[in-house]
Structures are given as C-alpha cells and as structure tokens.
Amino acid sequence: MIDDELWSAIGDPTRRRMLDLLLADGGGTATSLGEQLPVTRQAVAKHLGVLDRAGLVHSTASGRERRYTVDEDRLTHAINQLADVTHAWDRRLQRIKTIAEAFEKKTER
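Quick caveat, the model's predicted, so the values are computed rather than measured.

What counts, and at which threshold
Residues numbered from 1 in each chain as written. Predicted model: local features only at pLDDT ≥ 70, side-chain atom pairs only at ≥ 80, totals over all residues. Heavy atoms only, no water. Salt bridge = Lys/Arg side-chain N within 4 Å of Asp/Glu carboxyl O. Helix = DSSP H or I, 4+ residues; strand = E, 2+ residues; numbered from the N terminus. Buried < 20%, exposed > 50% of the residue type's maximum accessible area, 1.4 Å probe, protein only. Axes fitted to C-alpha atoms, helices over the stretch in contact; angles between N-to-C directions. Parallel < 35°, antiparallel > 145°, perpendicular 65-115°, else oblique. Contact = heavy atoms within 4.5 Å. Nonpolar A, V, L, I, M, F, W, Y, C, P; charged D, E, K, R; others polar. Expected span 1.5 Å × (residues − 1). Polar contact = N/O pair within 3.5 Å; in protein donor to acceptor, adjacent residues only side chain to side chain. Core = buried A, V, L, I, M, F, W, Y, C linked by side-chain atoms within 4.5 Å. Pairing = 2+ DSSP bridges.

Turning our attention to the pattern of salt bridges. Within the structure shown, the criterion is met by 2 salt bridges. Across the pair K97 and E101 runs a salt bridge, and its minimum N-O distance is 3.9 Å. In this pair, K97 and E101 both sit in helix α5 (residues 72-108), 4 residues apart, roughly one turn of the helix. For E101, a relative accessible area of 39% puts it in the partly exposed group.

This is the structure we're talking about:
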C-alpha cells in the first residue's frame, strides 16, 4: 500500500534536497539548512515540519535550536515502496507491449 503522506513529503524538490543535505551532513538545524538552500529559515522550518509528520526526520533539542536527522528506516520504506511501484508499472507496460504487438501482427495479415 502506498503511503500518500510519505510521497507527498518526498514529492517536493526542496524537501528532497533537505533530505540529501541531512544525509550528507549527518543531520542539521533549520539554520544550517537555510544557509544551503535558496529559501528562508521559516520556509525550511515548515518543510522540516512536513518531513517530521511523514516520519522522515526526527529532531532533538540542540541548544536553542532543534537538530534534525533522517529516519533511515522510514527512508528505506519509501525506497521499497518505489521499487514496488516500479515493478508494477514494468509489468503493466509489458502487458501493453504484448497486446500492441499481437494487434500489429493481426493487422499485417
């Protein structure tokens, strides 16, 4: 079953970039992410909230800020879902190809 909240969170390019940065740096704060992205710190905080609600990041107190890290189990879950969708579409496309080839052979006769 596809997790719509998860894919809605991952679907945004800014949030995907944030996940990339958090993975590369081993975590970060809204401020550190804001320094690397072309959006305001407030926008970063909102994006982090979406990622947090989807379970893709977790935060811990770090002084006056919160430090965010990627939940690698949840990310693996997303990767597995994507692989399942890929396989399903590959099977559908193969069936369409088979039908189209059979139709083409019939019309050539």
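Axis separation between helix α2 (residues 13-25) and helix α4 (residues 41-53) bottoms out at 10 Å; the angle between their running directions is 85°. Between α2 and α4, the angle is such that the two are roughly perpendicular. Residue-level inspection shows T14, R15, M18, L19 and L22 of α2 in contact with α4, the latter providing V44, H47, L48, V50 and L51. For the contact of α2 with α4, the per-class residue count stands at 7 nonpolar, 2 polar and 1 charged.

Attention now goes to α5. For α5, which comprises 37 residues, the first-to-last C-alpha distance of 53 Å matches the rise-based estimate of 54 Å (1.5 Å per residue) to within 8%. Its side-chain oxygen 3.0 Å from the backbone nitrogen of D73, D71 forms the N-cap of α5.

Let's shift gears to the nonpolar core. Counting 20 residues, the largest nonpolar core has M18, L22, L33, V44, L48, L51 and L56 as the members making the most contacts within it. Among the elements of the structure, α1 (4-10), α2, α3 (30-34), α4, β3 (65-70) and α5 are those that each provide at least two residues to this core. The biggest single contributor to this core is α2, with 4 residues.

Before going further, it helps to spend a moment on the sheet that holds strand β1 (residues 28-29). Sheet architecture is open: 3 strands sit in the order β1-β3-β2, paired in antiparallel fashion. Pairing within the sheet leaves two strands with one partner each, and these edge strands are β1 and β2 (57-62). Of the pairings in the sheet, the one linking β1 to β3 comprises 2 bridges and is antiparallel in character. Bridging from a neighbouring strand, G28 pairs with Y68 of β3. Its contacts with the sheet put α2 on β1, β2 and β3, and the angle it makes with β3 is roughly 90°.

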